[in-house]
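A closer look at the structure
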Amino acid sequence: MAENGIGVAVRRKEDRRFITGAGRYTDDINRPDQLYAYILRSPLAHARINAIETAAALAAPGVVAVFTGADMAADGVGGLPCGWGVANKDGSPMVEPTHPCMVVDRVRYVGDQVATVLARTRAAAKDAAELIEVDYEELPSVTDIHSATADDAPLVWDEAPGNVCYDWAIGDARAVDAAFEKADRVVSIDVVNNRLIPNAMEPRAAIGEYDEATGDYTLYTTSQNPHVIRLLMGAYVLGIPEHKLRVVAPDVGGGFGSKIFHYAEEAIVTWAAKRVGRPVKWTADRSESFISDAHGRDHVSHAELALSDEGDFLALRVRTRANLGAYLSTFAPSVPTYLYATLLAGTYKTPAIYAEVKSVFTNTVPVDAYRGAGRPEASYLLERLVDKAARVTGIGPIELRRRNFIDPDSFPYQTPVALEYDTGDYDACLAKALEIADYAGFDRRRKESAERGKLRGIGIATYIEACGIAPSNVAGALGARAGLYEVGTIRVNPTGSVTVLTGSHSHGQGHETTFAQLVTEALGVDIDNVDVVHGDTAKIPFGMGTYGSRSLAVGGMALMAALDKVKAKSKKIAAHLLEASDEDIEFKDGKLTVAGTDRSVSFGEVALAAYVPHNYPLDILEPGLEETAFYDPKNFTFPAGCHIAEVEIDPDTGVTEVLNFVAADDFGRIVNPMIVEGQVHGGVVQGIGQALYEQCVYDPESGQLLTGSMMDYCMPKADNVPRLEVATNTTLCTHNALGVKGAGEAGAIGATPAVINAVVDALSGIGVDDVPIPATPERVWQAIRQAAA
Amino acid sequence: MYEFNYHRPTTLAEAKTLLESNADAKLVSGGMTLLPTMKLRLARPTDLVDIGNIRDLGGIRVDAKNVEVGAAVRHAEVASSADVRKAIPALSDLAGLIGDPQVRNRGTLGGSIANSDPAADYPAAVLGLGATIRTDRREIAADDYFLGMFETALEPGEIVVAVRFPRAKRAAYAKFPNPASRYAVVGVFVAETGAGIRVAVTGAGACAFRVPEMETALGRKFAADSLDGIEVDAAELNGDLHASPEYRAHLVGVMARRAVSAAGG
Ligand SMILES: Cc1cc2nc3c(=O)[nH]c(=O)nc-3n(C[C@H](O)[C@H](O)[C@H](O)COP(=O)(O)OP(=O)(O)OC[C@H]3O[C@@H](n4cnc5c(N)ncnc54)[C@H](O)[C@@H]3O)c2cc1C
């Protein structure tokens, strides 16, 4: 193992600048002569716009321009594209309404972009926006799934009858029906998966700039994937060729999926910069983030599990309705389908699965990927159902799971819902979690709580996720409108230091450290001599960015491929310098040695020879030592694991406290255990947040967002979280050379069902068998009261 | 935020003049309530008169009978004052439960009770201890002070100077915090002072209120189980996303019992 190579808990190289306040985020960037944009947003959930009067705003002090949707339309600006198409059961395409950067004649949610004011200061722009008079004619609105699918529901889009975007299915309905007929027992459950508001610490921001002399545009933006933004905005929205558009995503303070999408504001500032000939900067404030960042989750599902008397799962039938919001965000259609229903096998060998998903439009903020994206919804549904089955059959949560786990020796395992799992050992994670959680001692702890008048419960969730998105041909077959490979460049500088260019983007994940560890391991270069560059389309050849726990499994693998090329070329150079054959060169610990001799050159000498060749085989080898590789994964990766939560409920108030939490995860090979642990911590806290605290609420009448600030939207806080026990059990991914699977989302996937299963366990003794999420104090108290009545 | 003029007087008289000479002037103390409102453009004062530099409004004075806290004294100061902790520990406990450290290091007693947020903590102590509010022009008994939601007996331009809390034989505050904002969903302050037993509730209604049945029951026997069977009427209580009126009514009972137990009953 190299000193700071794979497997070492190297301290994060990036943290010095972050914790000393020297990070450089989009809002820290100021361009000469820049204007500030303020975006006037719809105060209504649904309305027709009869007129927009902007003259008074334009005349206000400091104001340079006021633009509306009509101005953008007149300039031929296109709508925001959707990156994933999903077909209906009959093969017809989904309803895909246009998504203008600013509306023209109708607003469809509170927060929809109506006009943009450019002024010399942010305050002046905001003041002037109040002078814009919009003549709204209010229309009835729908915000929740039930109302949107009711018979006489108001329509968000005239072209989407019943508000349906698509009605999709996966799996073999007939096989499932047949299995249900033979079943000894059927257990069913209804669950809601609550809508969440991501709330990355850094609000979104964007700066557009246009150089009149060269025709070059630059966009600085808070994005997880600058190349994707360049592709989408350049090609579909503004019609700017790639060589004239540079997109920079500098330090980004958290994304969780909400910074994947190509947002209207990015196009607005870029377009406006050319219109006014000055850079244009926009920064969201927190209130604006609540109504303009994509939301997450929001499903209503009914699921049934067919079992034999012995507890074997025979079939699973799921009916889900998903709320997509008012428009299709970039990946929205794929989240409740290909990223959700394909995961319904979970860790179990259920032979037949059928799932129907109907996705609907509502007058709410567009919903899209949020940490886990579809996979938390699948694991929540399945693990609640399995726990219920364990209870009603009396088989128990451990035994029932063990009975149905896919055996470690049956991989590769083809599920009935499209995926082929490459490897895993689910019982090993379960066993490890049980041991760390001292499951065996739980009864004693339950009694001890009962003596204090408290109800204690323990909950298990096993989960699997499909990460490393994605094998391009598979993604394409599933409706993705782009392949999802990744790109990496290893640039060895003349003195042997290394610059890594990666298409992955780090916004909290620690790539600058993890990727440097890969280089250290491969080339023996000191980690301080490796720098990782990301987030700038002018520097990096291409990239699909970071989401779906793909950075290491796809971006890291692209770097590995580039490193292989560098090593191969280094050997050739060394062979020449040492007058040997390149097959005889061994590359180890930063040294290239002729096998079986003591003749060697250092990697630094090879690098110098490659750039300043005095003695170099110019006739057969190009100078330079820089290699780029594109990597397309062969399959998804399948991180899996077991989370166990232990909670205590105060029956007087309904307050739930999480006392202990254990995560035993299989992420494949681990490059930096400290960073992985941090990823699990963050994810688990978000999972606990979804289970107990976070809930996006719209007023059903007015369509106003009621949880529009931190005063009402409850983010989990430090004192809501116990000490987290994190362990790993490793099976190596079989189809990438690193054996890595990904660790970014797991926490948020396993924690929510584990916590709710624990809450239900705590209450089952008094006759409660279900609680809604988030299990707020009042809901728990009501459940206790109803059971007592 | 809209533009405004900022003034920093050093005397009460100066502050009064500034308030009187500008129709839309507002006092600012810790700013923890007023500034967020201004940032959201829900308030638009032309002038802010910062009272943080007026000596008369500062300081904590403890004597044999009372603890007097200046209007401009910050929550953190009350929470950490050894004198307050010795005289009325329940008052330091309450101050230590307000918001978070940042809020406690800015927010003040005067600002809190002038604002009379239905979910604020201090009103429970003011009413529960039967305190006296001293202003620039008179003294107001706690029972006459809280009138409704964000509504007090203060006249326009009237400035809270200090609050005089009588020492208690025993007292305790039990708070059920809103999980998001950490304001009180329900807070109950129970105290026995020279003037008798008082039970004051915040968070549940339009403003802090007393529960006479509980006071009577505790007068018979100062014990948590004395409160069994006493219910406040949910019809009068607040309901929002975090707690329905009936849940709040239930919590009043739970918090009252906890406060009584904490006070040694
Ligand atoms: C995140 C957060 C959490 C909070 N949590 C809690 C909580 O848990 N419990 C709680 O009780 N409070 C909470 N607060 C409110 C906090 O305690 C405030 O500080 C307090 O309500 C107002 O005090 P202030 O000094 O900041 O007043 P300011 O904001 O300065 O003023 C508030 C109002 O009072 C007027 N005013 C100020 N001083 C005087 C005076 N001497 N005489 C007459 N009028 C005056 C002002 O003109 C203004 O109208 C929270 C606030 C925040 C931001």
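Residues numbered from 1 in each chain as written. Chains lettered and ligands numbered in written order. Predicted model: local features only at pLDDT ≥ 70, side-chain atom pairs only at ≥ 80, totals over all residues. Heavy atoms only, no water.

Points about the overall build of chain A
Each helix and strand in chain A was counted, giving 20 helices and 28 strands. For a compact globule of 789 residues, the expected C-alpha radius of gyration is about 28 Å, and chain A comes in at 27 Å, within 12% of that figure. Across its three principal axes, chain A shows a C-alpha extent of roughly 90 × 75 × 50 Å. For chain A, contacts bridging at least 24 residues in sequence account for 80% of all contacts bridging at least 6. Across chain A, the 70 positively charged side chains and the 105 negatively charged ones have centroids separated by 2 Å. (Helix = DSSP H or I, 4+ residues; strand = E, 2+ residues; numbered from the N terminus. Rg over C-alpha atoms; globule rule 2.2 N^0.38 Å. Contact = heavy atoms within 4.5 Å. Lys, Arg positive; Asp, Glu negative; His and termini not counted. Charge placed at Lys NZ, Arg CZ, Asp CG, Glu CD.)

Quick notes on the overall build of chain B
Summing up its helical and strand segments, chain B has 11 helices and 14 strands in all. Every one of the 265 residues in chain B was classed for burial, and the buried ones make up 56%. Long-range pairs, those at least 24 residues apart, make up 59% of the contacts in chain B with a sequence separation of at least 6. Element-wise, carbon and sulfur atoms account for 49% of the exposed surface of chain B, whose accessible area totals about 11300 Å². Here chain B carries 30 positive and 32 negative side-chain charges, and the mean point of each set is 6 Å from the other. (Buried < 20%, exposed > 50% of the residue type's maximum accessible area, 1.4 Å probe, protein only. Areas by Shrake-Rupley, 256 points an atom, 1.4 Å probe, with all protein chains shown as cover.)

Details of the interface of chain A and chain B
Each side of the interface is counted separately: chain A has 26 residues, and chain B has 22 residues. In this assembly, chain A packs against chain B so that about 1800 Å² is buried in total across both faces, 51% of it on carbon and sulfur atoms. For the interface between chain A and chain B, the tally reads 6 salt bridges. The shortest N-O distance in the salt bridge between Asp650 of chain A and Arg258 of chain B comes to 2.7 Å. Elements represented by at least two residues in the side of chain A that touches chain B include exactly helix H4 (122-129) and helix H20 (777-788) of chain A. Here the element with the most residues in the side of chain A that touches chain B is H20 of chain A; it accounts for 5 residues. (Buried area = accessible area lost by both parts, 1.4 Å probe. Salt bridge = Lys/Arg side-chain N within 4 Å of Asp/Glu carboxyl O.)

Considering the pattern of salt bridges
All names here are of chain A. Following the criterion strictly, the structure yields 71 salt bridges over all chains and no others. Residue Arg12 is joined to Asp15 by a salt bridge in which the shortest nitrogen-to-oxygen separation is 2.8 Å. Here Asp770 ties to Arg384 by a salt bridge, and the two come within 2.6 Å at their closest N and O atoms. Residue Asp770 is located in the loop between helix H19 (746-764) and H20, and its partner Arg384 is located in helix H10 (residues 375-393); the two are separated by 386 residues in the primary sequence.

Remarks on the domain arrangement of chain A
All names here are of chain A. Parsing chain A into structural domains produces domain 1 (15-20 + 485-631), domain 2 (31-139 + 201-254 + 259-292) and domain 3 (299-469 + 635-788). One C-alpha centre belongs to domain 1, the other to domain 3, and the line joining them spans 39 Å. The interface of domain 1 with domain 3 comprises 17 residues on the first partner and 20 residues on the second. Taken together, both faces of the contact between domain 1 and domain 3 bury some 1300 Å²; the carbon and sulfur share is 65%. The tally of links between domain 1 and domain 3 comes to 0 salt bridges. (Domains from an automatic or database assignment.)

Some remarks on the sheet that holds strand E11 (residues 168-177) of chain B
Residue and element names in this part refer to chain B. If you trace the 4 strands from one edge of the open sheet to the other, you get E11-E12-E13-E14, paired in antiparallel fashion. Edge positions in the sheet fall to E11 and strand E14 (209-210), since each of these pairs with one other strand and no more. Relative to strand E12 (residues 184-193), E11 is paired through 9 bridges, and the arrangement is antiparallel. By the bridge assignment, Ala172 is partnered in E12 with Val190. Across the sheet, helix H11 (residues 245-262) lies against E11, E12 and strand E13 (196-202), angled at about 40 degrees from E12, the strand it touches most. (Pairing = 2+ DSSP bridges. Axes fitted to C-alpha atoms, helices over the stretch in contact; angles between N-to-C directions.)

Brief notes about the domain arrangement of chain B
Residue and element names in this part refer to chain B. Here the domain parsing of chain B yields domain 1 (5-52) and domain 2 (58-262). The centre of domain 1, based on its C-alpha atoms, is set 25 Å off from the matching centre of domain 2. Contact with domain 1, which involves 10 residues of that partner, is made by 12 residues of domain 2. Counting the surface lost from both domain 1 and domain 2, the interface buries some 920 Å², and carbon and sulfur atoms represent 68% of this.

Structural notes on the environment of Arg134 of chain B
All names here are of chain B. The residue Arg134 is located in strand E6 (residues 132-135) in this model. As a C-alpha pair, Arg134 and Thr202 span 68 residues in sequence and 21 Å in three-dimensional space. Ignoring anything within four residues of it in the chain, the contact list for Arg134 reads Arg61, Glu68, Glu139, Ile159, Val160, Val161, Ala162 and Arg164. Side chain to side chain, Arg134 and Glu68 meet in a polar contact 3.1 Å long. (Polar contact = N/O pair within 3.5 Å; in protein donor to acceptor, adjacent residues only side chain to side chain.)

Section: the site of the ligand
All names here are of chain B. Within the structure, the ligand sits among 30 residues, and Leu27, Ser29, Gly31, Thr108 and Asp121 are positioned closest to it. Val160 is positioned with one of its backbone polar atoms (N or O) 2.9 Å from a nitrogen atom of the ligand. Within the contact set of the ligand, an oxygen atom lies 2.9 Å away from a backbone nitrogen or oxygen of Arg182. Its free accessible area being 970 Å², the ligand has 92% of it covered by the protein chains. (Near = heavy atom within 4 Å.)

Overview of H19 of chain A
In an α-helix, one turn spans 3.6 residues; hence positions three or four apart end up facing the same way. Across its 19 residues, H19 of chain A extends 27 Å between first and last C-alpha, which sits within 8% of the 27 Å expected from 1.5 Å per residue. Among the 19 residues that make up H19 of chain A, 18 are buried, leaving the element largely enclosed by the rest of the structure. (Expected span 1.5 Å × (residues − 1).)

Considerations on the nonpolar core
Nonpolar side chains tend to gather and get buried jointly when the protein is soluble and globular. Residue and element names in this part refer to chain A. Counting 172 residues, the largest nonpolar core has Leu344, Tyr421 and Phe661 as its most contacted members. Residue contributions to this core peak at 11 residues, all from H19. Counting residues in each nonpolar core, the second largest holds 49 residues, with Ile490, Ile527, Ala610 and Val740 among its members. (Core = buried A, V, L, I, M, F, W, Y, C linked by side-chain atoms within 4.5 Å.)

Comments concerning the packing of aromatic side chains
All names here are of chain A. Tallied over the entire structure, the rule returns 23 aromatic pairs over all chains. Residues Phe290 and Tyr713 carry aromatic rings whose centres are separated by 5.9 Å and whose planes lie at 75 degrees to one another, so their mutual orientation is edge-to-face. Note that Phe290 is positioned in helix H9 (residues 286-292) and Tyr713 in the loop between helix H18 (673-693) and strand E28 (724-728), a separation of 423 residues in sequence. The same class applies to Phe290 and to Tyr713, which are both buried. Of the aromatic side chains, those joined through ring pairs into one cluster are Trp84, Trp168, Phe331, Tyr338 and Tyr547. Its end group placed over the ring of Trp157, Arg108 keeps NZ or CZ at 3.5 Å from the ring centre. A cation over a ring is seen here: Arg317 above Phe180, with NZ or CZ 4.1 Å from the ring centre. (Phe/Tyr/Trp six-rings, centres within 6.5 Å; stacked < 30°, edge-to-face > 60°. Lys NZ or Arg CZ within 6 Å of the ring centre and 35° of its normal.)

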